[in-house]
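# Understanding the architecture of this molecule
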Amino acid sequence: MLYKTLKPFPQNFLWGGSTSAYQFEGAWDEDGKSPSIVDMYCHPEDVADFKVASDHYHHYKEDVRLFAELGLKAYRFSIAWTRIIPDGIGDVNQQGLDFYHNLIDELKRYDIEPIVTLYHFDLPYKLDKQGGWSERSTIDAFVRYTEVLFQNFGEKVKYWLTINEQNTMILHPGAIGVPENGKLPDKKTLYQQNHHMFIAQAKAMQLCHTLCPNAKIGPALNITSMYAETCRPEDAIAAHNWETIRCSSFLDTAILGRYNALFLSYLQDRGLCPTILAEDLVVLKNAQPDFIAMNYYSTATIAASKGNASDISARAGDQQIMLGEQGVYRAAENPFVDKTAYGWVIDPIGLRLTLRKVYERYNLPILITENGIGAPDKLNADNTVNDDYRIDFISQHITQMQLAITDGVELIGYCPWSVIDVVSTHQGYGKRYGFIYVNRGEFDLKDMKRIKKKSYFWYQKLIKANGQLDKLT
């Protein structure tokens, strides 16, 4: 639809940026923190690990000052469970609480709204050794952990996210590393873990509403739209299959409080149904999230299944890899979109389409909590980084966001990934996302100096203009 006049971004729009604890903080074993699964899992040996990361733990005041100078209205970050309750259960670590109190206070000092993710991939390793999300006891451990956070930070934090990209953890279990034994859970186990996460999330939402009546909480999922490869009806069915399994099934349970019918049929047919207790259905129904946090990077194109092993051939790469599933869908190519150097589809219009679909289905405000482009940014001799590709990428997505707002979508904020360089899960420091460069290599920590990229100054102007691209010079 072409409009005569576009609606502006709301005046209270949350222009922000995102990070996660394990990719940014470092200090992996300091001040009482214990290992998480990302600390102990196997990762590529030729890239940086997460022990030091960007050393935010020791640079948080400097980092927040740079965020303030950038003009951020909001900062989305995660709290490390292993900093708060090192064993996953048991005693609370006061030093961990102190760090996040100090961080949040520093953000508030600059009028930056903290947006806190309760869980971003980093399950306490001690809980993992006891079965992790495969065990119902982890639900209780998670709820107690969230209770500690709500009780300690509830008066300071207005926006909470529950579990980051639950769908990524279930559909791509090796995305955050591989256990020491090299074995990933089978699908039956993964969908049981998925169910336990759903229950833990729902209970956390209810608890948040009880303990923090002025706060808002919502799920944070990686959501995208699927295109059919051709006009063949079979391709359209396959695209709907995968969009449901990958996206709608997770959103429906988190937001509508019930399992998606097509997804449930898929689980039953494949013998993958989790054990669901009668009381679980009541818990899911009573969750009632306040908004949807959406991570969007790219779309996918789908073809009909051939019913044989050829369905499983891969498309794209890295975290955005698609492995088709026999009898469900095949991954296909889209000649009408661009790709990054890492094989990720670049599709700004797909963001508008995805926002429209999600808002139409759930009628809840949407907060974009991740969106960005990873690249091997180069530091020039004059301490500059000319990342015009990042400016172009984000600019195109901003245009589509405004169109979505004009379409009627209630979009409340944009927190691209990432506000500052963090350790990429697979490419270490070879792939950077931030507006701020962190001067370190894969293994050479150098001076960890923070350096503003070209995109930093561009985003600074964009925020001042409240997203009006035509006012940027």
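Description of the structure in this document. Predicted model only: the values in this text are computed from it and were never measured.

### Side note on the nonpolar core
Grouped together as the largest cluster of nonpolar side chains are 139 residues, with contacts concentrated most on W160 and M401. A total of 11 residues in this core trace back to one element, the largest contributor, which is helix α9 (residues 187–211). Among residues more than four places away in sequence, those in contact with M401 are F9, F13, W15, L351, L355, I368, L411 and Y414. With 11 residues, the next largest nonpolar core counts I115, Y159, A220 and C415 among its residues.

### Here's the deal with the packing of aromatic side chains
To describe a pair of aromatic rings, one takes the distance between the centres and the angle between the planes. Counted by the stated rule, this structure contains 30 aromatic pairs. Ring geometry for F435 against Y459: centres 4.5 Å apart, planes inclined by 15 degrees, an arrangement best described as stacked. In this pair, F435 is assigned in the loop between β15 (411–414) and β16 (436–438) and Y459 in helix α15 (residues 454–464), connecting sequence segments 24 residues apart. On the basis of relative accessibility, which here comes to 0%, the residue Y459 falls in the buried class. Lying over the aromatic face of W28, K51 brings its terminal NZ or CZ to 4.7 Å of the ring centre. Above the face of the F99 ring, R83 is positioned so that its terminal group lies 5.8 Å from the ring centre.

### Points about the packing of α9 against helix α11 (residues 261–270)
Between α9 and α11, whose axes approach to 12 Å, the crossing angle comes to 145 degrees. Judged by the sense of rotation from one axis to the other, the crossing of α9 with α11 is left-handed. Together, K187, Y191 and N194 of α9 and F263, Y266 and L267 of α11 make up the contact between the two elements. Residues belonging to the contact of α9 with α11 are distributed by class as follows: four nonpolar, one polar and one charged.

### Looking at the pattern of salt bridges
Enumeration over the complete set of coordinates arrives at 25 salt bridges. D87 is paired through a salt bridge with K126; the nearest N and O atoms lie 2.9 Å apart. In this pair, D87 is assigned in the loop between α4 (81–84) and α5 (94–109) and K126 in helix α6 (residues 125–129), connecting sequence segments 39 residues apart. Residue K126 is classed as partly exposed on the basis of its relative accessible area, which comes to 44%. One salt bridge connects R270 with D269, and the closest N-O pair in it is separated by 2.7 Å. A single salt-bridge network, built from bridges that share partners, covers D377, D387, R390, D421, R432 and K453.

### Thoughts on the state of the cysteines
This model, assessed by the stated rule, comprises zero disulfides. C273 carries a free sulfur, and the closest cysteine sulfur to it, the one in C247, is 20 Å from it.

### Considering the side chain of D280
Relative to the elements of secondary structure, D280 occurs in helix α12 (residues 278–285). D280 gets classed as buried once you look at its relative accessible area, which sits at 1%. A polar side-chain atom of D280 sits 2.8 Å from a polar atom in the side chain of R136. With residues up to four places along the chain from it excluded, the contact list for D280 reads R136, H195, I199 and T275.

### What to know about α15
Taken together, the buried positions of α15 are occupied by S455, Y456, W458, Y459, Q460, L462 and I463. Close packing links the buried residues of α15 with β1 (14–18), α3 (56–70), α14 (388–407), β15, β16 and β17 (450–452). Two residues or fewer after α15 comes N466, characterised by a positive phi angle close to 50 degrees.

### Examining the packing of helix α13 (residues 348–362) against α14
Where α13 meets α14, the closest approach of the two axes is 8 Å, and the angle between their N-to-C directions is 30 degrees. What the angle tells us is that α13 and α14 run roughly parallel. Both α13 and α14 take part in a crossing whose hand is right-handed. Every residue of α14 that contacts α13 at P348, I349, L351, R352, L355 and R356 is listed here: Q396, H397, Q400, M401, L403, A404 and D407.

Conventions used here
Residues numbered from 1 in each chain as written. Predicted model: local features only at pLDDT ≥ 70, side-chain atom pairs only at ≥ 80, totals over all residues. Heavy atoms only, no water. Core = buried A, V, L, I, M, F, W, Y, C linked by side-chain atoms within 4.5 Å. Buried < 20%, exposed > 50% of the residue type's maximum accessible area, 1.4 Å probe, protein only. Helix = DSSP H or I, 4+ residues; strand = E, 2+ residues; numbered from the N terminus. Contact = heavy atoms within 4.5 Å. Phe/Tyr/Trp six-rings, centres within 6.5 Å; stacked < 30°, edge-to-face > 60°. Lys NZ or Arg CZ within 6 Å of the ring centre and 35° of its normal. Axes fitted to C-alpha atoms, helices over the stretch in contact; angles between N-to-C directions. Left-handed = near helix turned anticlockwise from the far one by under 90°. Nonpolar A, V, L, I, M, F, W, Y, C, P; charged D, E, K, R; others polar. Salt bridge = Lys/Arg side-chain N within 4 Å of Asp/Glu carboxyl O. Disulfide = S-S within 2.5 Å. Polar contact = N/O pair within 3.5 Å; in protein donor to acceptor, adjacent residues only side chain to side chain. Parallel < 35°, antiparallel > 145°, perpendicular 65-115°, else oblique.

The quantities given are spatial measurements derived from coordinates; they are silent on function.
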